[in-house]
Amino acid sequence: MIDNEKVEELFLVLEDKLEKTVNVLGEEFTSIRAGRANPHVLDKLQVEAYGGMSPLNQLGNVAVSDARCLVINPWDKSLLKAIEKAILSSNLGLNPTNDGNLIRLVFPELTEERRRDLVKQVKKMGEDSKVAVRNVRREAMEGIKKMKTGKELSEDEAANCETDVEKQIVKSIESIDKLVSAKEKELMTV
């Protein structure tokens, strides 16, 4: 690594952006249901409550009762209808059962066709993340090029920096591929 503040800053920004890209993909994958009850599928669900929109996890407890069932226990029972409405209007494909105290969400078995559609969705998300990684690489390479033309870096130093950027990009793409293949395996496991 070259002893240059601008180069260090460029690499810190690069690492941060690459890490965020991989983390966001991982978070998005938690919201894709794989046939098992997973409370994270409800993370982005907004419920109309108290005159505004609130995340479901701030309105009650969400627990896994068994492999195929989630139980939502709202702290305010008057929100049961609003929670039920939010789940029905979401595109999660779940039918809530309201017993007056709790809402139960039973996860149906995924059909083979639905599994394949989800795998396609996962692969597309992975490709989108790779595009984001390549955009980060382009930004970093442009930064190195500017430093080289501004005589802040020699030819050799610039070449070394570009090699280091490539190594980081390859690591991030490998992480994305691992996430995609793990999610694909999870989805295709019956």
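Just above, that's the structure.
Scope of this entry: the structure provided in the associated data block. (Residues numbered from 1 in each chain as written. Predicted model: local features only at pLDDT ≥ 70, side-chain atom pairs only at ≥ 80, totals over all residues. Heavy atoms only, no water.)

This part covers the overall build of the protein. If you tally the helices and strands in the protein, you get four helices and six strands. For the protein, the N- to C-terminal ordering of α and β elements is α-β-β-β-β-α-β-β-α-α. At 23 Å, the protein has a C-alpha radius of gyration far larger than the 16 Å of a compact globule built from 190 residues. Each principal axis of the C-alpha distribution contributes one length, and for the protein these read about 70 × 40 × 20 Å. By sequence separation, contacts in the protein at least 24 residues apart represent 62% of the contacts at least 6 residues apart. Carbon and sulfur atoms form 51% of the exposed surface of the protein, whose accessible area is close to 11300 Å². Distance from the positive charge centre (30 side chains) to the negative charge centre (34 side chains) of the protein: 6 Å. (Helix = DSSP H or I, 4+ residues; strand = E, 2+ residues; numbered from the N terminus. Rg over C-alpha atoms; globule rule 2.2 N^0.38 Å. Contact = heavy atoms within 4.5 Å. Areas by Shrake-Rupley, 256 points an atom, 1.4 Å probe, with all protein chains shown as cover. Lys, Arg positive; Asp, Glu negative; His and termini not counted. Charge placed at Lys NZ, Arg CZ, Asp CG, Glu CD.)

Once that is clear, we can look at the packing of helix H1 (residues 5–30) against helix H4 (residues 155–188). Close contact between H1 and H4 brings their axes to 10 Å; oriented N to C, the two are set at 5 degrees. With respect to H4, the axis of H1 lies roughly parallel. On H4, the residues that touch Val7, Phe11, Leu14, Glu15, Leu18, Val22, Leu25, Gly26 and Phe29 of H1 are Cys161, Asp164, Val165, Gln168, Ile169, Ser172, Ser175, Ile176, Leu179, Val180 and Lys183. A per-class count over the contact of H1 with H4 returns 13 nonpolar, four polar and three charged. (Axes fitted to C-alpha atoms, helices over the stretch in contact; angles between N-to-C directions. Parallel < 35°, antiparallel > 145°, perpendicular 65-115°, else oblique. Nonpolar A, V, L, I, M, F, W, Y, C, P; charged D, E, K, R; others polar.)

Two modes of strand pairing occur in sheets, parallel and antiparallel, and in both the strands are linked by backbone hydrogen bonds. Here we have four strands laid out as an open sheet, ordered S3-S4-S6-S5, and antiparallel in their pairing. In the strand order of this sheet, the two ends are held by strand S3 (60–66) and strand S5 (96–98), each with one partner. Within the sheet, the average angular offset between the axes of one strand and its neighbour, ignoring direction, is 25 degrees. Where strand S4 (residues 69–74) meets strand S6 (residues 103–106), four bridges bridge the pair, whose relative direction is antiparallel. Residue pairing in the sheet places Leu70 in a bridge with Leu105 of S6. Contacts from helix H2 (residues 80–89) reach S4, S5 and S6, with the element oriented near 165 degrees to S5. (Pairing = 2+ DSSP bridges.)

Before going further, it helps to spend a moment on the side chain of Ser172. Position of Ser172 relative to the elements: it lies in helix H4. In this structure Ser172 touches Leu18, Val22 and Val133, once residues within four positions along its chain are discounted.

A few words now on the layout of surface pockets. The computed volume of the largest pocket comes to approximately 320 Å³. In this structure, the largest pocket is lined by 15 residues; those nearest its centre are Ser31, Ile32, Asn91, Leu92 and Gln121. The leading source of residues in the lining of the largest pocket is helix H3 (residues 112–149), at four residues. Looking at side-chain class alone, the lining of the largest pocket contains seven nonpolar, four polar and four charged residues. If you go around the second largest pocket, the residues you meet are Glu15, Leu18, Glu19, Val22, Asn23, Gln168, Lys171, Ser172 and Ser175. Counting residues per element, the ones that place at least two in the lining of the second largest pocket are H1 and H4. Broken down by element, the lining of the second largest pocket gets its largest block of residues, five residues, from H1. Counted by class, the lining of the second largest pocket contains two nonpolar, four polar and three charged residues. (1 Å grid on protein atoms, 1.4 Å probe; cavity = no way out; pocket = protein on both sides within 12 Å on 5 of 7 lines; lining within 4 Å. Points joined across faces, edges and corners; volume = space filled by probe spheres on them.)

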